[in-house]
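Working through the structure, step by step
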Amino acid sequence: MKYLFLGLIFLVGLSAIAQKTTESMIKQCFKTELEKENIKSGILHVYSESRGINIKIAESKEDAISINHPFYTASVTKIFTATAIGILKDQNKLNFEDKIAGYLPDSLITNLHVLGGKNYSEELTIANLLQHTSGLPDYFTDETNDGSPNIINQLLMKPNKLWSTGELIQFSKEKMTPHFVPSKGYHYTDTEYVLLALIIENVSGLSLDEFFKQHIFQPLNMHSSYVNLKSSSIKNKLPIVKFYASQYELSSLKSLSADWGGGGLVSTTHDLIAFLKAFNTDKIVKKETRLAMQNWVTETKGMEYGFGIRQVSLGELTNTESDLQLIGHSGSTASFLWHCPQLDTYISGTFNQLEVSKSALILVYKILTMIEKQ
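Along each chain, the written sequence defines residue order, and numbers are assigned to residues from 1. Reporting in this predicted model follows two pLDDT cut-offs: at least 70 for local features of residues, and 80 or more for side-chain atom pairs to be given and counted; totals over whole chains, interfaces and linings ignore these cut-offs and use all residues. Only hydrogens and water are removed before side-chain values are computed, so all heavy atoms of the structure are retained for them.

**Focus: the sheet that holds strand β9 (residues 265-267)**
Being paired, for any two strands, means DSSP has found at least two bridges between them. Strands here mean DSSP runs of E at least two residues long; helices mean DSSP runs of H or I at least four residues long; both are numbered from the N terminus. Spatial ordering of the open sheet is given by β3-β9-β6, a layout of three strands whose pairing is antiparallel. The open sheet has two free edges, formed respectively by β3 (71-72) and β6 (226-227), since each of these has just one partner strand. Examined bridge by bridge, β3 and β9 share two bridges and lie antiparallel to one another. Bridge pairing in β9 places Tyr72 opposite Val266.

**Regarding the pairing of strand β10 (residues 297-300)**
Across three bridges, the pairing between β10 and strand β11 (residues 303-305) is antiparallel. The residue of β11 that forms the bridge with Thr300 is Met303. The hairpin formed by β10 and β11 contains two residues between the paired strands, and Gly302 there has a positive phi angle of roughly 80 degrees.

**What about the side chain of Asp259?**
With respect to the helices and strands, the residue Asp259 is situated in the loop between β8 (248-249) and β9. Among buried charged residues, Asp259 stands out as having no salt bridge; its nearest opposite-charge side chain is Lys78, 5.9 Å away. Two N or O atoms count as a polar contact when they lie within 3.5 Å, although within protein this holds only if one can serve as hydrogen donor and the other as acceptor, and sequence-adjacent residues are included solely when both atoms are side-chain atoms. There is a polar contact of 3.0 Å between the side chain of Asp259 and the side chain of Tyr72. The contacts of Asp259, once residues within four sequence positions are left out, are Tyr72, Phe140, Asp190 and Gly264. A simple rule labels every residue: compare its accessible area, found with a 1.4 Å probe on the protein chains alone, to the largest value its type can have, and call it buried under 20%, exposed over 50%, or partly exposed in between. His is not counted here, nor are the chain ends, while Lys and Arg score as positive and Asp and Glu score as negative. The term salt bridge refers to a pairing of a side-chain nitrogen on Lys or Arg with a carboxyl oxygen on Asp or Glu at a separation within 4 Å. Contacts are residue-level and defined by heavy atoms, with any inter-residue pair within 4.5 Å sufficient.

**A closer look at helix α2 (residues 77-90)**
The terminal C-alpha atoms of α2 lie 20 Å apart, and with 14 residues this matches the ideal 20 Å at 1.5 Å per residue to within 8%. With 14 of its 14 residues buried, α2 lies for the most part within the structure. Count one or two residues on from α2 and you reach Asn92, which has phi positive near 60 degrees. Helix span is expected to be 1.5 Å times the residue number reduced by one.

This is how it looks when you write it as structure tokens:
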């Protein structure tokens, strides 16, 4: 019995050493990324309750930041907007397969989706919007029919412009053409998530930011989260971490009002991980609803998309034999919120730079590989 006890102590000691080594390697890997010239700051949080991991790093070459500083999550917002739709479904106020025309005014629906001389506007469903299968163009990044700048190129051209939702939808109608008939393809577009946010507001009677606050932030004690330019956090008064497109700082632009239901969330890694844990354990939406949201369609190599949530098969993506998967979302500012079910590990963070989203995903892959070998 004595030798068994000593053996257990020895094994626990080895595990602790391995864990510290892994933590050291993860921190070094993160620092290596931050040394790149075009990255000015970074935040990383790696958490696994079952593995005893809780690594938090925040560094900046400019202003001092901490792990508690809120940052712009960009398209990570989509999982929140989709979840809000899931909450309304659980309240029996709508269904995923409902036609969106039943929840939006005629002024928005009229000529929303016209392709090849045929009007498909009345055929669009909530599920189409959630899963990017509507065929609608993306007002942010798609090319315009007349060669004029799309919205993302107008952010710096009109930095003080406050975009209304009507203007965004009208821009996509007038300046762009749908890509395909509803349900006959996949095209990632923020236009759909503006429409979804409007549906949430129309059905609930609450503004999107207030709906998030009442149904997600407050119940989960997410005291650092809010919708940019629409509200403020419940408790956290730290300023948002600056983020950039090339050398241009975008964080303070009023024109970011163009990024709303599809990308306007500001949050911290603590809040984001708390949200995804609650989502995975059916504390926000019912299990049936969560599983329906994970009805995947092919997005690109190694990636599939559900209802506001993405699944990444790392082996296919990296051309390796890895069987690890990520479920969550990423954003254009190199923000990310992922859960790896095989390792029971959550990873969230950001590099606050539009050009390095791919680097952020590679970092996540490296970190999970280290944990897997622990």
